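Notes for the structure review
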Amino acid sequence: MHVSKLTGRMLLSPGSLFSMLLLSGVAVGLPAQANDVGVAAAVNTDAFGTPPGGARSTKVLGDNVIYNERIETSGTGLVQVLLVDGSTFTVGANSDLVIDEFVYDPNARSGKLVATFGKGVARFVGGKLSKKRGGVTVKTPVGTIGIRGGIANLNLTSNPPVFSLIFGKDLTYTGPDGRTSRIHKAGYAMEVGSGGTRIRRSTAADFGSVQTALTNRSQNGGALRKPSDRQIVGSGLSGIIAGLQSVTTLPRSKPLTQIANAVQESVDTQLQVQVLTQDTTTQDLKTEQAQSGTTDQARILRAGTTFNGTAALNLAPGTLGVVGGSSGFDQVVTFTQQPDTQTSTYRLWTGTADGTNIYVFDPDDTVNEYFTQSINADGDIIEAYNTGFIPDAPSIDGTIVQNARGQRISGEGFGYFVHFIATQPGPDPTFNYGGTDYFYGLYGEATNFDTFDSTDTEKVRSYTLHGDVLTAFQLASVGETDTLQAATSNALFLNPSIAEDLGTGFLSNVKSSGLKVLESSSGTLDGARYVAASMYLSTGDSSQASFVSVSLGDIGNEDGTLVLSGERRGGHRTAAANSAALYGGQVESLEGGTGGTIFGNNANYMLLGPGNLEAGGTFTDGYVSVPNGIISTDQMSGTMHVAELSSETEISTLDRTSRTLTGYAAGALESSFNYGSPFVGPLVFGTSTVGDFEISFDGQNGSLYATMTLDDVNDSDSEVNKYAFAFGEQSGSGQSVFVDTDTFAAIETTNGAGTSVTNSTGDTIAVKQGTTPSSYLISSTLVNDADAPLFAGKTKCTCEFLEWGYWGSKVETSDSSFAADRFDTFQIGTWVAGQVTGSADLPNTGTATYAGHAVGNVINGTSQYLAAGDFSMSLDFSTRNGTATIANFDDRTMSATVSEQSIADGNLFSGPLSGPSGLNGELQTSVVSGPNGNDQGVIGDFYAVQGTWSASGIVAGEKQ
């Protein structure tokens, strides 16, 4: 058996050759001199060097660089410094660099590099010293950067400064106050501003600004004039390079560089292939596997025709992502490395699961790519792969007996793949993305928490959450170049059948918070809290579809293994005329083939899926009235999401002050009672006064607790007058997480304590015995920009001194005063809270004007959706009166004259709302305190009715 790999070739112009060498990490040690640390490898006449105690002079090609020499560039300058260990600094115009300390032992490959980068733009490509933590340190005016095993862009010219990890293990930033943040994933950047450190995805602007700064159009190969061969020989550079051993600082390249051109991508697919051919004298495959002796264990999951005997899942549970269980396949499978691939540039695993051969290429690579395989009757295997699209089946000699297609995501100590088997193999195979025709595979090295994180500080760990692969393939589409495009989405824990109803346009716009893990102690994740959320509102009118998904819980020890475990909450509405679904079910980190659910040396990876699959655990969707086209089979599902560590931030750097805020809330009720006969439909509910909503944050515990009381503002429900809800915890029970003032969430309290209804005669009715409410409460900033379409053309209040957000709940009750057991839901209601000022503490004279937004639920005939509008208010503190307007709210404008009402605590300004065509309702508001005064903002709620149209929501504004 032998291995071959097809590759592509690239032609480089002479002027770009040296830059390509730098970018590919080709560099080596230099001749040792007393103070020499490197050489000026590329330079023009606008670059200068000033040695310690020496005069400033122009740097030329091949100049040595010595300790503490200051390298400067002018407005058109550019210099590349090649250090003895293979590291390079490429320094742009108007920049300043000093190599403060350089110690390197080439035999032990140890040492230290310390540099000071005073201004400008630079790119660092790591050499041997960057392979170890602490080996490379770059001091800047705003803090100290540590770079491990990689490439980093340093941009001090942007506002604020931005440091980006292009490739490598990690990038750390330590501020002047000693607080440290860390990026673990390439493609992320740090902004260092006066408000603190913000970690985010790198943008095209980040790369573009650095690339522009490192490009000098007047240069040719690094000099104004292309150097002649004689000049190069005379510089001594050729002799230096000739004696150097190569260092590779980038990962091994794929056969052909990805090109962002559709035609080139098509060519790319044909060139990027992995081929395994079988020699005629080679023994059969099974004999070779036995002789190789190199194996690994992977947990393989496959759907059955039923799921644990559940009647509702007798129709192809695999189509809904429900795998394993007593009726499916859930086993640890031994995968064997092919012997002829042990010393090649890649590896091949083979294993047999449920009677099907599975082939996995490059199981140890750090990749996220799609693949398509063809296997012939002789056992030859050929695979095409691509990061941007799903390749066509590659051609292979002989009769094709099996095709496979899928995606793999792997990294250090972790691997996950989804393997779809063709239902009809051949040159143009057919696939069924569901049923029993695919496998999930999970393998990896469990994190050793005995040696985990030696620091003494607790952190917030941020993970990227990859979309569900099954859904991506089920909804894949043919692109403009006839390539198959996976339907990638940030939607989390979304039933695949509902994903199809929402459509790829909706799914592509879903926003995600990723996974946030809040450590409770250093050196372990035991006891850490987590939250993961995704959300999107497609419009602000009756064409709206909506989705919010939240998982919240903690990491705990289960039989000696740390497991992330929590609840799935949220809901969707596929169309405004459809009833909403409210979510249930558990989320869990799944165990791999050799144990453990958290993988990598720094807890780098997890795979999140339905909790307790072995016992029949699934995600569930509950409807008051099931929309047409959705059957009971569609109400149970499962999805899988890889969590990949991207950054860490010390908790001490975050704003998480303990405090209690009061305010208002609103929502729209959908009830099985009101959807019966006679049909009443959804109804608006809201708080009756300030303080009916209260939220308390516990910064020490990282938790929160909130209570809410809502009234039937129109007295439209003949059975129920009031709902009471409670969220989170008053003690540590994993029902909430408070990361910082922008990032927090809660679900119902333990066992649903504090949630009840009040019937028409004033009796309090507890939730139905044997049931627990499913509730959620999130900050409006938990999932950034998820509600941007809702606020299009509106002015959203971004007041930092108050909080507002969304909530929902599903409640079952039973009482003799009810005609039948009730099933009630609230989907994406609203709340707002602040530090309500006491009436006596408000100004006695003067006026104030406020501006902000209104947002709430709309019931328009049989349709229900959210709308937003502009809110403005003026108060005269001497007369305690004012006026308020809600404008452009679902194409309506309404106004109120408000006056202060006497209440025991705080302040309350309220009055009737009115508008054209008989619109009427009520507005109540309260002035809140901020850092700039006792009257800095205003919060409130409102309801309005106009025929078959009604609305209920909240308002928030800031003093102008």
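Source: prediction; values computed, not measured. Every chain is numbered independently, its residues counted from 1 as its sequence is written. Only residues with pLDDT of at least 70 get local features here, since the model is predicted, and only at 80 or more are side-chain atom pairs given and counted; chain-wide, interface and lining totals rely on the full set of residues. Hydrogens and waters are ignored; side-chain quantities use all the structure's heavy atoms.

Some remarks on the overall build of the protein
Just so we agree on the cut-off: A run of H or I in DSSP counts as a helix once it spans at least four residues, and a run of E counts as a strand once it spans at least two, with each numbered from the N terminus. Residue burial is assigned from relative accessible area. The probe radius is 1.4 Å, only protein chains are included, and a residue is buried under 20% of its type maximum, exposed over 50%, and partly exposed in between. By definition, residues are in contact when any of their heavy atoms lie within 4.5 Å. Under the convention used here, a 1.4 Å probe and the Shrake-Rupley method define accessible areas, while residue burial counts only the protein chains that appear.
A count of helices and strands for the protein gives nine helices and 62 strands. A burial count over the protein gives 57% of its 960 residues as buried. Within the protein, contacts between residues separated by at least 24 positions form 62% of all contacts whose residues are at least 6 apart in sequence. Put simply, the protein shows about 36,300 Å² of open surface, and 47% of that area lies on carbon and sulfur atoms.

Focus on the packing of aromatic side chains
The test is simple: Planes of paired rings set the category: under 30 degrees apart is stacked, over 60 is edge-to-face and the rest tilted, where pairs are Phe, Tyr or Trp rings (Trp by its six-membered ring) whose centres lie within 6.5 Å. As a reminder, the over-ring test applies to NZ of lysine and CZ of arginine, requiring each to be within 6 Å of the ring centre and within 35 degrees of the ring normal.
Following the criterion strictly, the structure yields 38 aromatic pairs and no others. Summarising the aromatic geometry, the rings of Phe 506 and Tyr 536 are spaced 5.1 Å apart at their centres and angled 75° between planes, so their arrangement reads as edge-to-face. Within this pair, whereas Phe 506 is found in helix 9 (residues 504–507), its partner Tyr 536 is found in strand 34 (residues 529–537), the two being separated by 30 residues in sequence. Accessibility classification places Phe 506 together with Tyr 536 in one group, the buried group. Linked through ring pairs, Tyr 370, Tyr 416, Phe 420, Phe 431, Tyr 433, Tyr 438, Tyr 440 and Phe 473 together constitute an aromatic cluster. Above the plane of the ring of Phe 818 lies Arg 822, whose end atom (NZ or CZ) is 5.7 Å from the centre.

Some remarks on the pattern of salt bridges
Applied cut-off: The working definition used for a salt bridge is a side-chain nitrogen of Lys or Arg within 4 Å of a carboxyl oxygen of Asp or Glu.
Tallied over the entire structure, the rule returns 27 salt bridges. For Arg 299, the salt bridge identified is with Glu 614, shortest N-O distance 3.0 Å. Of this pair, Arg 299 sits in strand 21 (residues 295–302) while Glu 614 sits in the loop between strand 39 (605–610) and strand 40 (619–623), and the two are 315 residues apart along the sequence. Accessibility expressed as a relative area gives 8% for Arg 299, which makes it buried. The partner of Arg 822 in a salt bridge is Asp 717, and the shortest N-O contact between them spans 2.9 Å. Of this pair, Arg 822 sits in strand 54 (residues 822–836) while Asp 717 sits in the loop between strand 46 (703–712) and strand 47 (720–728), and the two are 105 residues apart along the sequence. For the pair shown, Arg 822 and Asp 717 are each scored as buried. A network of salt bridges, in which partner residues are shared, links Arg 182, Arg 461, Glu 519 and Glu 648.

Focus: the side chain of Glu 729
Rules: Polar contact criterion, stated in full: a pair of N or O atoms within 3.5 Å, where within protein one must be able to donate a hydrogen and the other to accept it, and residues adjacent in sequence count only if both atoms are side-chain atoms.
Looking at the element boundaries, Glu 729 is found in the loop between strand 47 and strand 48 (736–740). In terms of polar contacts, Glu 729 uses its side chain to reach the backbone amide nitrogen of Gly 734, at 3.1 Å.

Here's the deal with the pairing of strand 55 (residues 847–860)
The line we're drawing: When DSSP finds two or more bridges between a pair of strands, those strands are recorded as paired.
Counting buried residues in strand 55 gives 10 out of 14 residues, a clear majority hidden from the surface. Two elements, strand 55 and strand 56 (residues 863–876), share 14 bridges in a ladder whose sense is antiparallel. Residue pairing across strands places Asn 857 opposite Leu 866, the latter belonging to strand 56. Pairing of strand 55 with strand 62 (residues 949–959) involves 11 bridges; the strand directions are antiparallel. Directly across from Val 855, in strand 62, lies its bridge partner Ile 954.

A closer look at unusual backbone geometry
Residue Asn 159 is joined to Pro 160 through a cis peptide bond whose omega torsion reads 5°. Residue placement: Pro 160 occurs in the loop between strand 14 (151–155) and strand 15 (162–167). Backbone torsion omega between Ser 677 and Pro 678 reads 0°, so that peptide bond is classified as cis. Tracing the chain through its elements places Pro 678 in the loop between strand 43 (659–671) and strand 44 (683–686). Phi is positive for Asp 559, close to 55°, though the residue is something other than glycine. With respect to the helices, strands and loops of the structure, Asp 559 is situated in the loop between strand 35 (546–558) and strand 36 (561–573). Accessibility expressed as a relative area gives 84% for Asp 559, which makes it exposed.

Focus on the state of the cysteines
The following threshold applies: Any two cysteine sulfur atoms lying within 2.5 Å of each other are counted as a disulfide.
Under the counting rule described, the total for this entry stands at one disulfide. The disulfide partner of Cys 797 is Cys 799, and the gap between their sulfur atoms is 1.8 Å. Residues Cys 797 and Cys 799 share a disulfide whose torsion about the S-S bond is about -70°; that sign makes it left-handed.

Some remarks on the confidence of the model for the protein
Quick reminder of the rule: For every residue, the predictor reports its confidence as pLDDT, a number between 0 and 100.
Overall, the predicted model of the protein reaches an average pLDDT of 84, with 83% of residues at or above 70. This stretch, residues 217–224, has a pLDDT under 50; its non-local contacts, to residues over four places away or in other chains, come to 15 contacts. Considering only residues more than four positions removed or in separate chains, one finds that residues 235–292, a stretch of pLDDT under 50, has 139 contacts.

Describing the side chain of Asn 674
Within the fold, Asn 674 resides in the loop between strand 43 and strand 44. In this view, Asn 674 contacts Leu 669, Phe 679, Val 680, Gly 681, Leu 683, Asp 717 and Arg 822; residues no more than four positions away in its chain are not counted.

What to know about the nonpolar core
What counts here: Nonpolar core, defined: a set of buried Ala, Val, Leu, Ile, Met, Phe, Trp, Tyr and Cys residues in which side-chain atoms within 4.5 Å join the residues together.
In this structure, Met 535, Leu 802 and Tyr 806 are the most contacted members of the largest nonpolar core, which totals 42 residues. At four residues, the largest contribution of residues to this core is made by strand 34.

A closer look at the environment of Gln 338
Tracing the backbone shows Gln 338 in the loop between strand 22 (329–337) and strand 23 (348–353). Sequence separation of Gln 338 and Leu 348 is 10 residues, and the distance between their C-alpha atoms is 5.8 Å.

Here's the deal with the pairing of strand 12 (residues 136–140)
The two faces of strand 12 differ: Val 136, Val 138 and Thr 140 on one face are buried, but Thr 137 and Lys 139 on the other face are not. Taken together, the four bridges between strand 10 (residues 110–119) and strand 12 define a ladder with parallel strand orientation. By the bridge assignment, Val 114 is partnered in strand 12 with Thr 137. In the sheet, strand 12 pairs with strand 13 (residues 143–148) via four bridges, with the strands oriented antiparallel. Within strand 13, the residue paired with Thr 137 across the bridge is Gly 146. Turn length for the strand 12-strand 13 hairpin, with the two strands adjacent in sequence and antiparallel, is two residues.

Comments concerning the environment of Leu 537
Tracing the backbone through its elements, the reader meets Leu 537 in strand 34. Accessibility expressed as a relative area gives 0% for Leu 537, which makes it buried. For the pair Leu 537 and Phe 506, spaced 31 residues apart in the sequence, the C-alpha separation amounts to 8.8 Å. What Leu 537 contacts, discounting residues up to four positions off in sequence, is Gln 544, Ala 545, Ser 546, Ala 786, Asp 787, Pro 789, Leu 790 and Ile 828.

Observations concerning the environment of Ser 872
Its place among the elements puts Ser 872 in strand 56. As for Ser 872 and Ile 886, which are separated by 14 residues in sequence, their C-alpha atoms are 6.7 Å apart. For Ser 872, the residues in contact, after removing those within four places along its chain, are Tyr 850, Ala 851, Thr 883, Ala 884 and Thr 885.

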